[in-house]
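Residue-level structure breakdown
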Amino acid sequence: MNTVLVSLLVNSGILLALGAALYAAPSPLLNPHAVPFGVRVPPDKADAPEVSEQRRRYRALLLPATLIVTVAALAVGAVLNSVAVGGVAAVVLCVIAATLWLSAHRALARAKERGNWYEHVRQGVVMDTSLRTDPVRLPWAWTIPSFVVIAVTAVAGAIVYPRLPEVLALPERSSSGTVYREITTTFWTAYSLVFAQILLTAAVIGTVAAVLRARADLDVSRPRSSAAQHRRYLGLTARSLLGVAALLNLMLLGLSGMMWSDSRSGAVLSLVIGVPTLAALAVSVPLVRMGPGGSRPALESGDGPSGTGGSGGSDEGTGLVPRDDDRHWYGAGTVYVNADDPAILVPRRVGMGWTVNVGNPRFLIISAAVLAIAAGATVVSAAVR
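Every chain begins its residue count from 1, and numbering advances along the sequence as written. Two thresholds apply to this predicted model, a pLDDT of at least 70 for residue-level local features and 80 or more for giving and counting side-chain atom pairs, whereas whole-chain, interface and lining totals are computed over all residues. Side-chain descriptors were evaluated using all non-hydrogen atoms of the structure, hydrogens and water having been removed beforehand.

Notes on the overall build of the protein
The helix and strand labels rest on DSSP assignments: H or I over at least four residues marks a helix, E over at least two residues marks a strand, and numbering proceeds from the N terminus. Along the backbone of the protein there are 11 helices and eight strands. Per-residue accessibility, obtained with a 1.4 Å probe over protein chains only, is compared with the maximum for each type, and a residue is labelled buried under 20%, exposed over 50%, and partly exposed between these values. Considering the protein as a whole, with its 385 residues, one finds that 40% of them fall into the buried category. Contact between two residues is taken to exist if any of their heavy atoms lie within 4.5 Å; hydrogens are not considered. In the protein, of all internal contacts separated by at least 6 residues, the share reaching a separation of at least 24 is 71%.

Right, here's the structure in full:
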């Protein structure tokens with residue numbers, strides 16, 4: 001296939017997919033309902049005209065920007081015959097989206113302040129102490145597939161290792177396409193992807209364990225049903241993450257097989273990477289359907305964010321709204337800094353999942369230790385070479 005055509009297809013695919021994701025970013029399906037554009041508002045203001053206007057403005061400006069950047073990238077990519085143009089254009093598109101997001105965030109913050117949206121509401125905080133006394137357990141059974149794939153990869157490596165050539169060719173992407181870097185065959189290089197599997201599995205298990213102990217963002221208007229939903233969400237999150245880890249390990253198994261067999265088939269590489277990736281996305285769909293923190297079932301059962309009733313009528317509304325804590329969030333609601341909060345992981349305001357409390361001393365100590373280890377490993381690696 002003509003290389004220019006390949007570059008055009010790759011660049012257009014990257015930019016259109018990214019543009020679609022950024023276009024959907026402000027959706028209440030992908031963010032906490034009462035935190036549009038990272039601004040905490042009373043639940044009854046989550047669909048206020050000011051919020052809808054900012055969503056329309058963000059998308060109305062992002063859509064033509066996506067088309068302009070895509071067309072420009074395709075033109076430049078055709079001239080230079082390089083897929084690297086797509087990466088540069090993707091960065092430009094992300095910068096544009098971030099600028100529009102920040103503008104919407106500031107506009108909503110001003111509207112909230114001018115309208116005194118929190119003046120006549122009762123703010124509160126709720127905690128579920130049973131998440132500490134009787135926490136959601138890590139589903140160890142879901143780690144078995146990852147360990148099985150690692151064992152299969154290690155055994156296959158042990159079988160083929162004596163017959164490997166003196167050098168191995170590793171594929172790398174460059175501005176001119178895929179190139180192959182040759183490295184000397186050693187135990188460490190031959191088993192490099194096996195070690196990657198082990199590190200990946202350990203990292204995911206650690207992440208799941210941390211998430212299960214993370215602070216819950218419960219709905220103060222219906223605490224009991226919200227806590228039950230959060231427990232279901234934690235269980236689904238843990239299983240999904242461990243399932244994704246198994247699929248990524250399967251991908252690394254395929255890549256190991258290609259490296260050991262010196263296979264350079266583009267079709268096989270696409271299958272090895274594409275199938276597990278698509279399966280991982282499918283595994284993540286139930287999380288998106290449940291919404292941030294598992295909030296979607298409450299909305300579907302007629303239990304609106306205002307807290308007029310509990311799930312199935314079992315939870316009376318308290319009349320409270322979540323506390324306005326905008327002062328602890330920076331970067332348009334993406335960075336949380338609160339030295340007085342003992343939690344290291346807190347629910348995200350933008351998107352789904354959790355983020356770190358940058359102001360927590362324990363997080364700072366852990367980060368410093370990780371950076372020191374990484375720096376030491378880099379120095380040792382350079383010295384060995």
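Read on, since the account is not over.
Structural notes on the nonpolar core
Within the largest apolar cluster, 22 residues are counted, with the highest numbers of intra-cluster contacts made by Leu 138, Val 208, Leu 212, Leu 234, Leu 242 and Trp 354. Of all elements in the fold, only helix H7 (192-212), helix H8 (223-261) and helix H9 (266-290) reach the threshold of two or more residues within this core. Sorting elements by how many residues they give to this core places H8 first, with seven residues. Apart from residues lying up to four places away in sequence, Leu 212 is in contact with Val 136, Arg 137, Leu 138, Leu 234 and Ala 238. Working definition of a nonpolar core: buried Ala, Val, Leu, Ile, Met, Phe, Trp, Tyr and Cys residues. They are joined through side-chain atoms within 4.5 Å. Val 51, Tyr 58, Ala 97 and Trp 101 belong to the second largest nonpolar core, which has 18 residues in total.

Concerning the packing of aromatic side chains
Note on aromatic contacts: the rings of Phe and Tyr and the six-membered ring of Trp form a pair at centre separations within 6.5 Å, being stacked when their planes are under 30 degrees apart, edge-to-face when over 60 apart, and tilted otherwise. Applying the stated criterion across every chain yields a total of 10 aromatic pairs. Ring centres of Trp 188 and Phe 195 lie 5.4 Å apart, and the angle between their planes is 40°; on these two criteria the pair is classed as tilted. The exposure class of Trp 188 is exposed, given its relative accessible area of 61%. Overall, the relative accessible area of 27% leaves Phe 195 in the partly exposed class. Grouping aromatic residues by their ring pairs yields a cluster made of Tyr 161, Phe 187, Trp 188, Tyr 191 and Phe 195. In this analysis the charged atom, NZ for Lys or CZ for Arg, is taken to sit over a ring once it is within 6 Å of the ring centre and within 35 degrees of the ring normal. Lying over the aromatic face of Tyr 23, Arg 59 brings its terminal NZ or CZ to 5.3 Å of the ring centre.

Some words on H8
To estimate how far a helix should reach, multiply one less than its number of residues by 1.5 Å. For H8, which comprises 39 residues, the first-to-last C-alpha distance of 57 Å matches the rise-based estimate of 57 Å (1.5 Å per residue) to within 8%. Once H8 finishes, Asp 262 follows within two positions and takes phi at roughly 60°, a positive value.

Some thoughts on H9
Its 25 residues give H9 an end-to-end C-alpha distance of 37 Å, which sits within 8% of 36 Å, the value for a rise of 1.5 Å per residue. What we call the bend at a residue is the angle made by axes fitted to the seven residues finishing there and the seven residues starting there. Its axis deflected by about 30° at Ser 284, H9 carries its strongest bend there, up to four residues before the proline Pro 286. Within the span of H9, buried status applies to Val 272, Pro 276, Ala 280, Leu 287 and Met 290. Looking at the residues trailing H9, positive phi occurs at Gly 291, about 85°.

A short note on the environment of Arg 163
Inspection of the secondary structure puts Arg 163 in the loop between helix H5 (144-160) and strand S2 (167-174). When the C-alpha atoms of Arg 163 and Trp 260 are compared, they prove to be 9.2 Å apart, with 97 residues separating the residues in sequence.

Concerning the pattern of salt bridges
We count a salt bridge whenever a side-chain nitrogen from Lys or Arg sits within 4 Å of a carboxyl oxygen from Asp or Glu. Throughout the structure, instances matching the rule amount to eight salt bridges. We note a salt bridge from Asp 325 to Arg 40, for which the minimum N-O separation is 3.7 Å. You can see Asp 325 sitting in the loop between strand S4 (320-322) and strand S5 (329-330) and its partner Arg 40 sitting in the loop between helix H1 (3-24) and helix H2 (49-80), a full 285 residues away along the chain. Residue Asp 325 is classed as buried on the basis of its relative accessible area of 13%. According to the relative accessible area criterion, Arg 40 is buried, its value standing at 10%. The shortest N-O distance in the salt bridge between Arg 56 and Glu 53 comes to 3.0 Å. In this pair, Arg 56 and Glu 53 both sit in helix H2, three residues apart, roughly one turn of the helix.

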